[in-house]
Amino acid sequence: MKNILLAVTGLSPQVITETLYALHQNRRPVHEIQAITTRDGKDRILSNLLGGGEGHFYRYLKEYGMPADGIEFGPGNIHVVRDETGVEIADIETESDNEQLLKQCMHLAFRFTRDPETAVFFSVAGGRKTMSSCLTLAAQMYGRSQDRLYHVLISPQFESSRNFFYPPKTPVPIELRNERGETYHMNTRYARVNLIHMPFFSIRGHLSLEFLNAPQDPGTLMLSLVREQKDRLVVNLVTGKVVFKGLELDMMPARMALYAFFAFRKKSCSPKSKTCRDCTECFIDQPEIFDRQDQITDIYRRMCGTRPV
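Let us look at the structure shown here.

**Things to note about the overall build of the protein chain**
Piece 1. When helices and strands are counted, the protein chain shows 10 helices and 11 strands.
Piece 2. Taking 2.2 N^0.38 as the reference for a compact globule, 309 residues should give roughly 19 Å; the C-alpha atoms of the protein chain span a radius of gyration of 31 Å, well beyond that estimate.
Piece 3. Counting across all 309 residues of the protein chain, residues that qualify as buried make up 41%.
Piece 4. Intrachain contacts of the protein chain at a sequence separation of at least 6 include 68% that bridge at least 24 residues.
Piece 5. Of the roughly 18,500 Å² that the protein chain leaves accessible, carbon and sulfur atoms contribute 50%.
Piece 6. Of the side chains in the protein chain, 39 bear a positive and 36 a negative charge, and the two mean positions are spaced by 5 Å.

See below:
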């Protein structure tokens, strides 16, 4: 099973290495990382995490004894939200920006959950709150039983630090800032990175196959779950009534027996197509009806009980 970390991130790309660290500490290996971000967020990932092969992502792999190519993560795995004209969005500020973000989350969630041999770890710890909300919604739309939704909680002192990317194997002091903006130093041995498993309800199993051929917007997927039940024809031999779409029709026993005979033929028919259009499989002509008179008589007898046939 290939595990894909799909994360949203803004101007603090260290949430990716923090989540990676937390997953590994919980014995959940990651084979591929995909990031959803803005134009400015992409620049931070390229400079801070990748850094031409020398960023904090590669430092983490080296420090924890993982091969540099052990996890697929590069510029091609960074997905920047774009506006309607294809221009990269610098930040999520407007309703239109959020719509494009949601489309990106839905598209990537659909894409990475198509392969049954993959498990997607949705990480909602980074970026603006609207980014985590959109990715959570995408997970609810397309998530499967093997997929997971995660958040990470960092010790408050280290949470907003631009110098903290993960707890190093050998603790070191790093520079932090307090609420008044004053700098001080604290050893990373006090840093805690907790992986939080967020339960979620997925509607994927309730979607028809036609909605799993291409990514859809949440509204369309939710509307597809609201289905009107098909109208059913009820032939009640006890009351002698035929009921359809709330309308009732009383029938005399002889006609009801004939009607029920045709209804039984229809019910037992196994058509070659899903619809009855152009299908005559259950049709019967008058001589055949006479030949099956015993079946009609049997239905009549069941309706009338002890009444003479």
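Back to the write-up after that little detour.
**Overview of the sheet that holds strand E2 (residues 32–37)**
The pairing of strands in a sheet comes from backbone hydrogen bonds and takes either a parallel or an antiparallel form.
Piece 1. Ordered in space as E3-E2-E1-E4-E5-E8, the 6 strands form an open sheet in which the pairing is mixed. The sheet is open, and its two borders are formed by strand E3 (78–80) and strand E8 (193–197), each paired with just one other strand. Geometrically, the sheet is characterised by an average inter-axis angle of 25 degrees between neighbouring strands, direction not taken into account.
Piece 2. As defined by bridge partners, strand E1 (residues 2–8) adjoins strand E4 (residues 118–123) across 6 bridges and the pair is classed as parallel. By the bridge assignment for E4, Leu5 is matched with Phe121.

**Notes on the nonpolar core**
Piece 1. Counting residues in each nonpolar core, the largest one holds 37 residues, and the members touching the most others are Ile16, Val30, Ile33, Ile45, Phe57, Phe73 and Phe158.
Piece 2. Broken down by element, this core gets its largest block of residues, 6 residues, from helix H1 (residues 14–25).
Piece 3. When sequence neighbours within four positions are dropped, the list of residues in contact with Ile16 reads Leu5, Ala7, Thr9, Ile33, Ala35, Ile45, Leu49 and Phe73.
Piece 4. One finds Ile4, Ile89, Leu108 and Tyr142 within the second-largest nonpolar core, a separate group that totals 31 residues.

**Some points on the packing of aromatic side chains**
Piece 1. Under the definition given, this model contains 10 aromatic pairs.
Piece 2. An angle of 75 degrees between the planes, with centres 5.1 Å apart, marks the rings of Tyr60 and Tyr166 as edge-to-face. Highlighted residues: Tyr60 in helix H3 (residues 56–63) and Tyr166 in the loop between helix H6 (156–159) and strand E6 (173–177), separated in sequence by 106 residues. Here the two residues Tyr60 and Tyr166 agree in accessibility, since each one is buried.
Piece 3. Cluster of aromatic residues (ring-pair linked, three or more members): Tyr21, Tyr60, Tyr64 and Tyr166.

Reading guide: rules and limits
- In this numbering scheme, every chain counts its residues from 1 along its sequence in written order.
- Whole-chain, interface and lining totals are the exception, using all residues; otherwise, since this is a predicted model, local features are given only for residues with pLDDT of at least 70 and side-chain atom pairs are given and counted only at 80 or more.
- Processing note: side-chain calculations cover all non-hydrogen atoms of the structure and skip hydrogens and water entirely.
- A run of DSSP states H or I qualifies as a helix once it reaches four residues; a run of E qualifies as a strand once it reaches two. Both are numbered from the N-terminal end.
- To get the radius of gyration, use the C-alpha atoms; to get the globule rule, take the number of residues to the power 0.38 and multiply by 2.2 Å.
- Only protein chains enter the area calculation, which uses a 1.4 Å probe; residues under 20% of their type maximum are buried, those over 50% are exposed, and those in between are partly exposed.
- We call two residues in contact whenever any of their non-hydrogen atoms come within 4.5 Å of each other.
- Residue-level accessible areas treat just the shown protein chains as cover; the underlying method is Shrake-Rupley with a 1.4 Å probe.
- Charge convention: Lys and Arg are scored as positive, Asp and Glu as negative, and His as well as the terminal groups of each chain are ignored.
- Lys charges are placed at NZ, Arg charges at CZ, Asp charges at CG and Glu charges at CD.
- Note on pairing: two strands pair once DSSP finds at least 2 bridges between them.
- The axes used here are C-alpha line fits, helices contributing only the stretch in contact, and every angle between their N-to-C directions lies in the interval 0 to 180 degrees.
- Buried Ala, Val, Leu, Ile, Met, Phe, Trp, Tyr and Cys residues form a nonpolar core when they are joined through side-chain atoms within 4.5 Å.
- Only the six-membered ring of Trp is used, alongside the rings of Phe and Tyr, when aromatic pairs are assigned; centres must lie within 6.5 Å, and planes under 30 degrees apart are stacked while those over 60 apart are edge-to-face, with the rest tilted.

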